Amino acid sequence: MIVANWKMNGSKEEVDSWLRFVSANILINKTIPCVFCPPSCYLDYSSSLIKKISSPVKLGAQNINHSNNSALTGGINSHMLKDFLTDYVLIGHSEQREYLNEDNESLQYKIKDALIKNISPIFCIGEPKNIKDQGNTQDYLRSQLEILNTMDSDQITIAYEPIWAIGTGENADKIYIEEVHSFIKEFCCQELNFKEKVSVVYGGSVKLSNCEEILSSSKVDGLLIGGASLDPETFAKIYNLS
Ligand code: PEP
């Protein structure tokens, strides 16, 4: 899976030209979904355009809200995402964990809510720099992964995104990524009893110049791309190298 996470970027015009360019220029491989996650205000437009031009691109949302059945001004629920024909949703991105105080309990609810509506969660996990420097990455990731216990696993993708690599230009190196992805896969299989082998994608300063090296690892099942996904030419090239 190759995912474009636009974060809080773009305009309707840019969404339009990105989708048209990428749809026309990717060599679509049915086993490798190409997922576009625009800001939520462009989901409806993106969904209509994808349908209109018979695009192979799949639609993903950047978040889903959880209100415990209380009113939530500004919230978007899984039912609404399904209205836009959304196939995927990012859950637990480090920026939302930090700025919106998302905790394990609310993340678990979001994942369950997405699964009920048949929207595939892309569950983001990753450690901050100090945790890596102390050699505590695995313990940290274990505490994030534990919420997947008892979940129906075959629809969940894990995105490993070390926080120190997001938007910094400093990607994790291949050996480190392999080590962490192996740990995640083993943990999901042995501790969480996932029925299927889990897909683990890498995110954090992926660009055209480093994507081939990262993708050459058998432990890497795809990429989650922020900054470099904004340019349709770059993104299409990365997809075609996958
Ligand atoms: C992200 O936002 O998930 C991300 C990986 O960003 P970037 O590629 O810009 O580091």
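For clarity, every value in this text was computed on a predicted model and none was experimentally measured.

**Student:** Just to check I follow, could you spell out the overall build of the protein chain for this structure?
**Tutor:** Secondary structure assignment for the protein chain yields 10 helices and eight strands. C-alpha atoms of the protein chain, sized along the principal axes, occupy 45 × 45 × 35 Å. Expressed as a percentage of the 242 residues in the protein chain, the buried residues total 50%. Contacts in the protein chain between residues at least 24 apart in sequence constitute 72% of all its contacts with a sequence separation of at least 6. Surface exposure of the protein chain reaches about 11,600 Å², of which carbon and sulfur atoms provide 47%. Of the charged side chains in the protein chain, 22 are positive and 31 negative; the average position of the first set lies 6 Å away from that of the second.

**Student:** What exactly am I supposed to notice about the pairing of strand β1 (residues 2-5) here?
**Tutor:** Taken residue by residue, a regular strand's side chains alternate between the two faces of the sheet. Burial along β1 is two-sided: the residues Ile2 and Ala4 and Val3 and Asn5 are all buried. The sheet contact formed by β1 and strand β2 (residues 34-37) spans four bridges and is parallel. Along β2, the bridge assignment pairs Val3 with Val35. Where the polypeptide runs from β1 across helix α1 (residues 12-25) and back to β2, its parallel neighbour, the crossover connection is right-handed. Here β1 pairs with strand β8 (residues 223-225) via three bridges, running parallel. Among the inter-strand pairings, Ala4 is bridged to a residue of β8, identified as Ile225.

**Student:** Would you explain the state of the cysteines in this entry?
**Tutor:** Among covalent bonds in proteins, the disulfide is the one between the sulfur atoms of two cysteines. Summed over all chains, the structure comprises zero disulfides. Of the cysteine sulfurs around Cys34, a residue in no disulfide, the closest is that of Cys37, at 10 Å. Residue class for Cys34 comes out buried when judged on its relative accessible area of 0%. The thiol sulfur of Cys37 is not disulfide-bonded, and the nearest other cysteine sulfur, from Cys124, lies at 8.9 Å. Overall, the relative accessible area of 0% leaves Cys37 in the buried class.

**Student:** Where do I start with α1 in this structure?
**Tutor:** Residues three or four positions apart in an α-helix share a direction because the helix packs 3.6 residues into each turn. Over its 14 residues, α1 runs 20 Å from end to end, which matches the ideal 20 Å to within 8%, given 1.5 Å per residue. Those residues of α1 that sit buried are Val15, Asp16, Trp18, Leu19, Val22 and Ser23. Summarising the contacts, the buried residues of α1 are in contact with β1, β2, α2 (43-52) and α10 (232-241).

**Student:** Help me out: how do you make sense of the packing of aromatic side chains in this one?
**Tutor:** For any pair of aromatic rings, the description rests on two quantities: the centre-to-centre distance and the angle between the ring planes. Tallied over the entire structure, the rule returns seven aromatic pairs. Ring centres of Tyr160 and Tyr202 lie 6.4 Å apart, and the angle between their planes is 55 degrees; this geometry places the pair in the tilted category. Separated by 42 residues along the polypeptide, Tyr160 in strand β6 (residues 157-160) and Tyr202 in strand β7 (residues 199-203) bring together distant segments of the chain. We classify Tyr160 as buried; its relative accessible area is 0%.

Reading guide: rules and limits
- Residues numbered from 1 in each chain as written.
- Predicted model: local features only at pLDDT ≥ 70, side-chain atom pairs only at ≥ 80, totals over all residues.
- Heavy atoms only, no water.
- Helix = DSSP H or I, 4+ residues; strand = E, 2+ residues; numbered from the N terminus.
- Buried < 20%, exposed > 50% of the residue type's maximum accessible area, 1.4 Å probe, protein only.
- Contact = heavy atoms within 4.5 Å.
- Areas by Shrake-Rupley, 256 points an atom, 1.4 Å probe, with all protein chains shown as cover.
- Lys, Arg positive; Asp, Glu negative; His and termini not counted.
- Charge placed at Lys NZ, Arg CZ, Asp CG, Glu CD.
- Pairing = 2+ DSSP bridges.
- Right-handed = clockwise from strand over helix to strand, strands pointing away.
- Disulfide = S-S within 2.5 Å.
- Expected span 1.5 Å × (residues − 1).
- Phe/Tyr/Trp six-rings, centres within 6.5 Å; stacked < 30°, edge-to-face > 60°.

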